[in-house]
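What follows is each chain in one-letter form.
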Amino acid sequence: MSTSALSLISHPLCPFVQRAAIVLLEKGIPFTRIDVDLSEKPAWFLAMSPTSKVPLLKIHGNDGTHKVLFESMAICEYLEETQAGTPLHPSDPLVRAQHRAWIEFGSATLADAWGYLNAKDFTAASMKAVAFRDKLDRLEDALGTGPYFGGDQFSMVDAVFAPVFRYFEGLAPDKNSALFEGMPKIGAWRYSLAARPSVIAAAPSDYAALFHAHLQRYDSWLAP
Ligand SMILES: N[C@@H](CCC(=O)N[C@@H](CS)C(=O)NCC(=O)O)C(=O)O
């Protein structure tokens, strides 16, 4: 099957979808984005997704057939291996392995951030904040001179952390600035990631409003 087109089955707020979208955009690969209502998953989506989760990458063949990939990092690695464009993994095997380890760390950081953001009250949020800050401390130590995780080159690690930091962009400063206090390298990294065109384009322009609506719906302590 030779590939003719790609569709990214998505949700506007999903950070895992954003990973794949950032990789597609970084490599300049055209793709169609199809959003799914996760509160009322359509039958075609459930039939296609073994985990009932987004993202999915639908790979359309020239011969009318298609294949489906699930799991964001499997999708990103497939794109890295098959598509032209700037590589997003370092060429050195040791550094590449280190990046893959930080990507795993990125998923754990995302889980802590999500727990903080969706906590129902200040006490629960404070507990989650400790775990999140502990991860940020580790990252602060691992960062170099920037502007990206590995230096000058934007990498897959950046694609994984950019959606985590995006959550905090639209929040009231009193609710999140303390989380990032005393971490100048992370501050500079967040700034570089937020300005990257692929990162900007990976989420809808009304992302902040959609996220606020999510916080309200789930009765988060952060709901504006
Ligand atoms: N490990 C998965 C996680 C994907 C995931 O959790 N997606 C969420 C949206 S951000 C989802 O589809 N949730 C639907 C559900 O759990 O029912 C990946 O990396 O792709």
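Here the structure is a predicted model, which means the values were calculated and not measured.

Cut-offs used in this document
Residues numbered from 1 in each chain as written. Predicted model: local features only at pLDDT ≥ 70, side-chain atom pairs only at ≥ 80, totals over all residues. Heavy atoms only, no water. Near = heavy atom within 4 Å. Polar contact = N/O pair within 3.5 Å; in protein donor to acceptor, adjacent residues only side chain to side chain. Areas by Shrake-Rupley, 256 points an atom, 1.4 Å probe, with all protein chains shown as cover. 1 Å grid on protein atoms, 1.4 Å probe; cavity = no way out; pocket = protein on both sides within 12 Å on 5 of 7 lines; lining within 4 Å. Sits in = over half its atoms within 2 Å of the grid points. Nonpolar A, V, L, I, M, F, W, Y, C, P; charged D, E, K, R; others polar. Disulfide = S-S within 2.5 Å. Buried < 20%, exposed > 50% of the residue type's maximum accessible area, 1.4 Å probe, protein only. Pairing = 2+ DSSP bridges. Helix = DSSP H or I, 4+ residues; strand = E, 2+ residues; numbered from the N terminus. Core = buried A, V, L, I, M, F, W, Y, C linked by side-chain atoms within 4.5 Å. Domains from an automatic or database assignment. Contact = heavy atoms within 4.5 Å.

Observations regarding the site of the ligand
- In the vicinity of the ligand, the contacting residues are C14, P15, F16, L38, K41, S52, K53, V54, P55, E71 and S72.
- Residue K41 places a side-chain N or O atom 2.4 Å away from an oxygen atom belonging to the ligand.
- At 2.9 Å, a backbone N or O of V54 approaches an oxygen atom of the ligand.
- Considering the ligand on its own, with 510 Å² of exposed area, one finds that the protein chains cover 71% of that surface.
- In this structure, the ligand is accommodated by the largest pocket.
- Considering only residue class, the shell around the ligand consists of 6 nonpolar, 2 polar and 3 charged.

Focus on the state of the cysteines
- On inspection of all chains with the given rule, the structure shows 0 disulfides.
- Between C76, a cysteine without a disulfide, and C14, which holds the nearest cysteine sulfur, the sulfur-to-sulfur distance is 11 Å.
- Of the residues examined, C76 reaches a relative accessible area of 0% and is grouped as buried.

Overview of the pairing of strand β4 (residues 66-70)
- Both strand β3 (residues 56-61) and β4 contribute to a ladder of 5 bridges, which runs antiparallel. When the bridges of β4 are listed, L56 appears paired with F70.

Some points on the nonpolar core
- Formed by 65 residues in total, the largest nonpolar core has its most connected members in Y116 and F168.
- Among the elements that line this core, the one with the most residues is helix α6 (residues 156-169), at 10 residues.
- Domain assignment of the residues forming this core places at least three in each of domain 1 (3-82) and domain 2 (93-217).
- In this structure, Y116 is in contact with A125, K128, A129, F168, K175, N176, L179, W221 and L222, ignoring residues within four places of it in sequence.

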